[in-house]
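Each chain is listed here by its residues.
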Amino acid sequence: MTIETQVKQYVAENFLFTDDGYRFSEDASFLEEGIVDSTGVLELVMFVEETFDIAVQDEEIVPENFDSVSCLAAYVRHKLGQPA
Amino acid sequence: MLVQDFLQDSAERFTDKTALICDSQRLTYAEIEALANRMAHALVARGVQRGDRVAVFLPNSVEAVVAIFAILKAAGVFVVVNPTTKRDKLIYILRNCRATALFTSGRNASLAAQVQAAVPSLQFAVLCGRRAAAASVVADTLYAFDDLVRAYPPTRPACPTIDQDLACLIYTSGSTGEPKGVMSGHNNVVFASGSIIQYLDNTSDDIVVNVLPLSFDYGLYQLLMVFRFGGTLVLERSFAYPAAVLKRMESERVTGFPGVPTIFAILLQMDLNPYDLSSLRYLTNTAAALPPSHIVALRQKFPWATLYSMYGLTECKRTLYLLPDQLDKRPGSVGIAIPGTEVWIEDDRGNRVGPGVSGELVIRGSHVMRGYWEDPETTAERYRPGPTPGERILYSGDLFKMDEEGYLYFIARKDDMIKSRGEKVSPKEVENVLYAIDGVVEAAVIGVPDPILGQAIKAFVVVEGVDLTEKDILVHCRAHLESFMVPQYVEFRSGLPKTGSGKIKKTGL
């Protein structure tokens, strides 16, 4: 399963509460589209730490890394040392 | 003085000073004044008349700021609606205040069209942001923000408003479950903002960061106050990305940081060493009390900044503040009446009580607002005749006590209202949404202690005849409630405890 798919599945189940998957584009802004609310960002951080076994630094919790499926996947890949 | 004079006076005194920083945009007072004037002409040309309500359903943004001042300049009354509000409640609010026009995001074009069909008073909507231009083809009563400002001159329109007119309605949760619009006259807003500026010693050198929604009076007043004292407002969409906000605070040399306990709890968990926050002059807390341990920890993290503990309610904006030099002596107090006002405590029989006795906090001053929009009954319960003829004083609904030196301590609310993330949540409103789910026969909502949220929302439901999962319940809640009202916990029960008269007894949960 790709990182994108894992992120989409997590967001759909935990924020959208849907069974029909993630209906937004991979570039859609979580906050602007109301997909994830402001406290939900901290849940996303815990999700990537546990799922991908990475340590997220406070200063890495910025929209550039967390505000869409594609941003988050790119960030996780970077942390894992995988090519983009 | 009128509320729009805050902007107009600063545009004359501090013409080319940066007034607003939002995302990558930086606007001077003159630029905001010109945009608000242009938009005010557009509103008037499309039928907005003196006293008409115009809703602003937008995230914190430049357009929201311009809309607020444009509505005032068009002699209208602005109504800021939380951007996470769902369709049914948005329609309720717009119908309740009989809004004439609506500002919203371009991505909400189809929602705007649906809302227009459901709200007969609504004549048009202004769409903001990237997708606004394309969206304006959805209906001929939808206009793109940018098109409107381009079409009108930057000259200030004539405005018949006087300070007895209403400036805004601020919707707040009511114990009945239906939101109520607190009516603020221009004179109330001018007085309340002046009193707060006085005790915070704000000057035009202050740079204030606002992460709170403008629909929340605490967030709205950051904008109004900064524009009044000619400072700079750094407007953030939220506190979702604390590191990004802290970086912005460092680079903009922010001096004022208003927060609520949830925000401070998050800050206290972070390592702040990577950020230079030495410019910070003050922090303010309100909406709910900070635990004394957090007060100590915050002062250790920001020893160079002053911390103000405050208390207030939308019905009079701000009520009490603690002088920072009293914080060590009485960390549990929220202080004394704000400048130019007075408060006292009354028992159930209406007698004023002295130190050590608990009773309801009663508030007197020009910050006491005009009551609830078109709800004379609830208004009469909370706003009652005062000591001088024609005056009205506010019964807060909160139990307080006072120490020997007159400092006040919050004890509890008289009703069962929940405070989560600093926002008021009506259990009844959440219960009404739960009861709308097929199969839910009983529902009760309470607040439970939570280290970050203050109170987390817990729902108890009794389900009959159908299979419902926690996810089913939450899907429904998310579709109908603002995000801060969605329960964190759902517990299924076979029955709920009842009183002798058959009402659900929450103390047994």
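Every residue gets a number counted from 1 within its own chain, in the order that chain's sequence is written. Chains carry letters from A onward and ligands carry numbers from 1 onward, assigned in written order. Two thresholds apply to this predicted model, a pLDDT of at least 70 for residue-level local features and 80 or more for giving and counting side-chain atom pairs, whereas whole-chain, interface and lining totals are computed over all residues.

**So, the overall build of chain A**
Heads up, the condition is: Per the convention used, a helix needs a DSSP run of H or I reaching at least four residues, while a strand needs a run of E reaching at least two, with both numbered from the N terminus. Both definitions apply: the radius of gyration is a C-alpha atom measure, and the globule rule equals 2.2 Å times residues to the power 0.38. Whether a residue is buried, exposed or partly exposed follows from its count of other C-beta atoms within 10 Å of its own C-beta, namely 20 or more, 12 or fewer, or something in between, respectively; the C-beta atoms are built from the backbone.
Helix and strand content of chain A: 4 helices and 0 strands. Reading the secondary structure of chain A in the N-to-C direction produces α-α-α-α. Here the C-alpha radius of gyration of chain A, 12 Å, is about what a compact globule of 84 residues would show, namely 12 Å. Seen along its three principal axes, the alpha-carbon backbone of chain A occupies a region of about 30 × 25 × 20 Å. By residue count, 30% of the 84 residues in chain A fall in the buried class.

**Focus: the overall build of chain B**
Heads up, the condition is: Any two residues are considered in contact once their C-beta atoms, placed from the backbone, lie within 7 Å.
Along chain B, the regular secondary structure elements total 15 helices and 26 strands. Expected size for 509 residues packed as a compact globule is a radius of gyration near 23 Å; at 23 Å, chain B falls within 12% of this value. Taken over the C-alpha atoms alone, chain B extends approximately 65 × 60 × 55 Å along its principal axes. With 509 residues in all, chain B has 51% of them scored as buried. Restricting the contact set of chain B to residue pairs at least 6 apart, pairs at least 24 apart contribute 65%.

**A look at unusual backbone geometry**
Residues and elements named next belong to chain B. Unlike most non-glycine residues, Asp201 shows phi in positive territory, near 55 degrees. Within the element layout of this structure, Asp201 appears in the loop between α8 (186-200) and β10 (207-210). A positive phi angle is found at Ala287, which is not glycine, with a value near 85 degrees. Tracing the backbone shows Ala287 in the loop between β13 (282-285) and α12 (292-301). Note on Ala287: 24 C-beta atoms within 10 Å, which makes it buried.

**What about the sheet that holds strand β8 (residues 166-172) of chain B?**
All names here are of chain B. Operational definition: Pairing between strands is defined by DSSP: at least two bridges between the two strands are required. Under this scheme, a helix contributes an axis fitted over its contacting stretch, all axes are lines through C-alpha atoms, and angles between N-to-C directions fall in the 0 to 180 degree range.
Pairing within the open sheet is mixed, and its 7 strands lie in the order β7-β6-β5-β3-β4-β8-β9. Edge strands, defined here as strands with exactly one partner in the open sheet, are β7 (142-144) and β9 (180-185). Taking the axes of each pair of neighbouring strands and ignoring which way they run, one obtains an average angle of 25 degrees across the sheet. Packing of helix α4 (residues 87-97) onto the sheet brings it into contact with β3 (53-57), β4 (77-80), β5 (101-105), β8 and β9, and relative to β3 it is tilted by some 160 degrees.

**Quick word on the interface of chain B and chain A**
Going by this rule: Three categories are distinguished: nonpolar for Ala, Val, Leu, Ile, Met, Phe, Trp, Tyr, Cys and Pro, charged for Asp, Glu, Lys and Arg, and polar for the others, with Gly belonging to the last.
Of the residues lining the interface, 17 residues belong to chain B; the matching set on chain A comes to 11 residues. Those elements giving two or more residues to the side of chain B that touches chain A turn out to be α10 (242-252) and α15 (470-480) of chain B. By residue number, the principal contributor to the side of chain B that touches chain A is α15 of chain B, which donates 4 residues. Partitioned by chemical class, the residues of the side of chain B that touches chain A number 10 nonpolar, 3 polar and 4 charged.

**Here's the deal with the pairing of β10 of chain B**
Side-chain direction in a regular strand flips from residue to residue, so the side chains alternate between the two faces of the sheet. Residue and element names in this part refer to chain B. Put simply, the rule is: Orient the strands so they point away from the viewer; a crossover is then right-handed if the path from the first strand over the helix to the second runs clockwise.
Here β10 shows two buried faces, one formed by Ile207 and Val209 and the other by Val208 and Asn210. As paired elements, β10 and strand β11 (residues 232-235) share 4 bridges and run parallel to each other. Across the sheet, the residue bridging to Val208 is Leu233, located in β11. With respect to chirality, the unit in which β10 leads through helix α9 (residues 217-229) into the neighbouring parallel β11 is right-handed.

**A look at helix α2 (residues 29-45) of chain B**
Residue and element names in this part refer to chain B. How we decide: Multiplying 1.5 Å by the residue count of a helix minus one yields the expected span of that helix.
Relative to the 24 Å expected for 17 residues at 1.5 Å per residue, α2 spans 24 Å between its end C-alpha atoms, a close match to the ideal helical length. α2 sits mainly inside the fold: 14 of its 17 residues count as buried. Directly after α2, the chain includes Gly47, whose backbone phi takes a positive value near 105 degrees.

**Observations concerning the packing of α8 of chain B against α9 of chain B**
All names here are of chain B. This is how the line gets drawn: Note that the term roughly parallel is reserved for angles under 35 degrees, roughly antiparallel for angles over 145, roughly perpendicular for angles of 65 to 115, and oblique for everything else.
The N-to-C vectors of α8 and α9 enclose an angle of 75 degrees; their axes lie 10 Å apart at closest approach. Here α9 runs roughly perpendicular to α8, going by the angle between their axes. In this structure, α8 contributes Val189, Ser193, Ile196 and Ile197 to the contact, and α9 contributes Tyr221, Leu224, Met225, Arg228 and Phe229. Across the contact of α8 with α9, the residue classes break down as 7 nonpolar, 1 polar and 1 charged.

**A few points about the pairing of strand β24 (residues 440-450) of chain B**
Residue and element names in this part refer to chain B. The pairing of β24 with strand β25 (residues 454-463) spans 10 bridges and is classified as antiparallel. Each residue of the ladder has a partner; that of Glu442, found in β25, is Val462. Here β24 folds back onto β25 in antiparallel fashion, the turn holding 3 residues.

**Thoughts on the nonpolar core**
Residue and element names in this part refer to chain B. As a reminder, the rule being used: Each nonpolar core consists of buried Ala, Val, Leu, Ile, Met, Phe, Trp, Tyr and Cys residues. Their C-beta atoms, within 7 Å, join them into a set. Segment limits for the domains were obtained from an automatic or database-derived domain assignment.
One finds Met39, Leu43, Val56, Val79, Leu102 and Leu127 to be the most contacted residues of the largest nonpolar core, which totals 163 residues. Counting residues per element, this core draws most heavily on helix α3 (residues 62-73), at 10 residues. Both domains that furnish three or more residues to this core are identified here as domain 1 (4-14 + 25-182) and domain 2 (239-413). Filtering out sequence-adjacent residues up to four positions away, Leu43 remains in contact with Val48, Val54, Ala70, Ile71, Ala74, Gly76 and Ala101. Within the second largest apolar cluster, 21 residues are counted, among which are Val433, Leu434, Val445 and Ala459.

**Topic: the confidence of the model for chain B**
Using the following cut-off: Each residue gets a pLDDT score, which is the predictor's confidence in that residue and runs from 0 to 100.
Here chain B averages 93 in pLDDT, and 99% of its residues register 70 or above. ipTM for the predicted complex: 0.84, alongside a pTM of 0.91.

**Re the domain arrangement of chain B**
All names here are of chain B. According to the domain assignment, chain B contains domain 1 (4-14 + 25-182), domain 2 (239-413) and domain 3 (418-508). Its C-alpha centre places domain 1 at a distance of 33 Å from the equivalent point of domain 3. The interface is formed by 11 residues belonging to domain 1 together with 11 residues belonging to domain 3. Class assignment of the residues belonging to the side of domain 1 that touches domain 3 gives a composition of no nonpolar, 9 polar and 2 charged.

**Let's talk about the packing of helix α1 (residues 3-16) of chain A against helix α4 (residues 69-80) of chain A**
For any two helices packed against each other, one specifies the inter-axial angle together with the distance between the axes. Residues and elements named next belong to chain A. What counts here: By convention the crossing between two helices is left-handed if the near helix lies anticlockwise of the far one by an angle smaller than a right angle, and right-handed if it lies clockwise.
Between α1 and α4, the least distance of the axes is 9 Å, while the angle of their chain directions is 130 degrees. Classified by the interaxial angle, the pair formed by α1 and α4 is oblique. In this structure, the crossing between α1 and α4 has a hand that is right-handed. Side by side, α1 and α4 meet where Ile3, Glu4, Val7 and Lys8 of the first sit next to Val69, Leu72, Ala73, Val76 and Arg77 of the second.

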